[in-house]
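What the coordinates show
Listed below, chain by chain, are the residues.
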Amino acid sequence: VFGPGDEGAAAKARGQARNDKRITSELGNVSPVIVMPGSWTESELRFQAENVATQLANNGGFNCNAVKVLILHEGWSLKQEFMAMLKAVLAAIPQRHAYYPGAADRYDRFVSEHPNAEPIGDRTDSVLPWTILPDVDAGRPDQRCFGEEAFCGIVAQTVLPGANAGEYLKGAVAFCNEHIWGTLNAGIIIDPRTEKALGPDFEAAIDALKVGSVAINHWAGLCYGFGSTAWGGYPGQPLNDVQSGIGAVHNTFLFDQPQKTVLRGPFVAAPKPPWFVTHGRTHKVAPRILEMEMKPSLTKIPGIAYHAFRGS
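In this text the structure is predicted, and so the values were computed from the model without any measurement.

Parameters and conventions
- Residues numbered from 1 in each chain as written.
- Predicted model: local features only at pLDDT ≥ 70, side-chain atom pairs only at ≥ 80, totals over all residues.
- Heavy atoms only, no water.
- Helix = DSSP H or I, 4+ residues; strand = E, 2+ residues; numbered from the N terminus.
- Rg over C-alpha atoms; globule rule 2.2 N^0.38 Å.
- Buried < 20%, exposed > 50% of the residue type's maximum accessible area, 1.4 Å probe, protein only.
- Contact = heavy atoms within 4.5 Å.
- Areas by Shrake-Rupley, 256 points an atom, 1.4 Å probe, with all protein chains shown as cover.
- 1 Å grid on protein atoms, 1.4 Å probe; cavity = no way out; pocket = protein on both sides within 12 Å on 5 of 7 lines; lining within 4 Å.
- Points joined across faces, edges and corners; volume = space filled by probe spheres on them.
- Phe/Tyr/Trp six-rings, centres within 6.5 Å; stacked < 30°, edge-to-face > 60°.
- Polar contact = N/O pair within 3.5 Å; in protein donor to acceptor, adjacent residues only side chain to side chain.
- Pairing = 2+ DSSP bridges.
- Axes fitted to C-alpha atoms, helices over the stretch in contact; angles between N-to-C directions.
- Parallel < 35°, antiparallel > 145°, perpendicular 65-115°, else oblique.
- Nonpolar A, V, L, I, M, F, W, Y, C, P; charged D, E, K, R; others polar.
- Arc of directions from axis to C-beta.

Within the protein chain one finds 11 helices and 12 strands. Over its C-alpha atoms the protein chain spans a radius of gyration of 20 Å, differing by no more than 12% from the 20 Å that the globule rule assigns to 312 residues. Dimensions of the protein chain, computed from the C-alpha atoms along their principal axes, are close to 60 × 50 × 50 Å. In the protein chain, buried positions account for 48% of the 312 residues. Long-range contacts, defined here as pairs at least 24 residues apart, represent 73% of the contacts in the protein chain between residues at least 6 apart. In the structure as shown, the protein chain presents an accessible area of about 15,300 Å², 54% of it carried by carbon and sulfur atoms.

Written out as structure tokens, the structure is:
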């Protein structure tokens, strides 16, 4: 677009493109998940801990939609319990080969800036542990974990204030828009009681998030996986600051100018979703779903359902 070397960098800084053709792309993201405070039961804590662990650990963390910043309410009474549950779930997940080029170097850069980093599992020549960067100061938005995608099994956890759930949510949305790099996707975890109490303020928050996909209570990666939904960065990025990209892929309904995909799911789903990393029979469900995609047939549904229901 701008040309190579120093000359290209200078042209990019001026916003002076050499190529006037339309350029589209789907790139990375520091994907945030906003956790709304609420009076959760033990089973709800467990489900959402498995949900967040899935968003970190799927494919070893090498996803553009992997959770990279976990935002919690400063005054949430269950904050410590939730983080303890998340660590317990991650500790039970088998570690993965860190196959993606540069993963170890990126891991070291991030961890070196956070002496209190909490690795979960052992590190070897080929394996990186799931790692939480706890209590990252949101008052210092210039930190690497807010502005650079780790692209490995690391998640930064931060807290934001708020006199109530609505004030906290408004601040969390502003933090995502103003201080977290990328425009690809974000998630919000909220129990139905809190959502009902927020009313139209919750819908306003979804509207205000400047990302291409918003997932409520589930992983934003589903917005990519469905195929029918549009997937791409939030529209309006200039060529010299594309962040998560320009344009959209998938979008099989062929909307001309999609702004964002909004996916909603239940706060707790039963049976356990087969994409969860804690599902015991994903390796049985996934091939059958693939066979169904290749050659749809009602006779294949019982096999999918059987393994899906037995994976909890």
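After presenting the structure, the write-up continues.
The computed volume of the largest pocket comes to approximately 810 Å³. Contributions of two or more residues to the lining of the largest pocket are made by helix 9 (221-225), helix 10 (282-294) and helix 11 (301-309). For the lining of the largest pocket, the element with the highest residue contribution is helix 10, accounting for 6 residues. Taken as a whole, the second largest pocket holds about 350 Å³ of empty space. Those elements that provide at least two residues to the lining of the second largest pocket are strand 9 (230-231), strand 10 (245-246) and strand 11 (249-250).

A few words now on the packing of aromatic side chains. Each aromatic ring pair is characterised by the separation of its centres together with the angle its planes make. The final tally for this structure, using the stated rule, is 14 aromatic pairs. Between Trp40 and Phe267 the ring centres are 5.0 Å apart and the planes differ by 70 degrees, which places this aromatic pair in the edge-to-face class. Residue Trp40 is located in the loop between strand 2 (31-35) and helix 2 (42-57), and its partner Phe267 is located in the loop between strand 12 (261-264) and helix 10; the two are separated by 227 residues in the primary sequence. Judged by relative accessible area, Trp40 falls into the buried class, the value being 6%. According to the relative accessible area criterion, Phe267 is buried, its value standing at 6%. Through a chain of ring-to-ring contacts, the aromatic side chains of Trp40, Trp76, Phe82 and Phe267 assemble into a single cluster.

Attention now moves to the side chain of Thr194. Structurally, Thr194 can be placed in helix 7 (residues 192-198). Its relative accessible area of 11% is what places Thr194 among the buried residues. Here Pro37 takes part through its backbone oxygen, which lies 3.3 Å from a polar atom of the side chain of Thr194. Setting aside its immediate chain neighbours within four residues, Thr194 contacts Pro37, Gly38 and Ala165.

Here the focus is the sheet that holds strand 3 (residues 67-73). Ordered in space as 4-5-6-3-2-7-8-12, the 8 strands form an open sheet in which the pairing is mixed. If you trace the sheet from one side to the other, it starts and ends with strand 4 (118-120) and strand 12, each paired once. The mean angle between the axes of side-by-side strands here comes to 20 degrees, regardless of whether they run parallel or antiparallel. Summarising the sheet, strand 8 (residues 213-216) and strand 12 pair through 4 bridges and their orientation is parallel. The residue bridging Ile216 from the neighbouring strand is Arg264, located in strand 12. Strands strand 4, strand 5 (130-136) and strand 6 (154-160) of the sheet are contacted by helix 4 (residues 103-112), whose axis makes an angle of about 30 degrees with strand 6. Along the sheet, helix 8 (residues 200-208) contacts strand 7 (185-189), strand 8 and strand 12; its crossing angle with strand 12, the most-contacted strand, is approximately 140 degrees.

Here we take up the packing of helix 6 (residues 165-179) against helix 8. One can describe the packing of helix 6 onto helix 8 by two numbers: an axis separation of 10 Å at closest approach and a directional angle of 5 degrees. Judged on the interaxial angle alone, helix 8 and helix 6 are roughly parallel. The residues of helix 8 that touch helix 6, namely those facing Leu169, Val173 and Asn177, are Asp201, Phe202, Ala205 and Ala208. Broken down by class, the residue content of the contact of helix 6 with helix 8 amounts to 5 nonpolar, 1 polar and 1 charged.

Moving on, we get to helix 11. Every buried residue of helix 11 is accounted for by Ile304, His307 and Ala308. Seen along its axis, helix 11 keeps its buried residues to an arc of 105 degrees; they face one direction. More than 90 degrees from the buried face of helix 11, the exposed residues found are Pro302 and Phe309. Structurally, helix 11 contributes buried residues whose contacts are with helix 10.

Moving on, we come to empty space enclosed by the protein. By the definition in use, this model includes 3 cavities of 30 Å³ or more. Its volume calculated, the largest cavity comes out at about 70 Å³. Around the largest cavity sit Gly60, Phe62, Arg96, His97, Ala98, Leu128, Pro129, Trp130, Cys152 and Gly153, which together line it. Among the residues forming the lining of the largest cavity, the class breakdown is 6 nonpolar, 3 polar and 1 charged.

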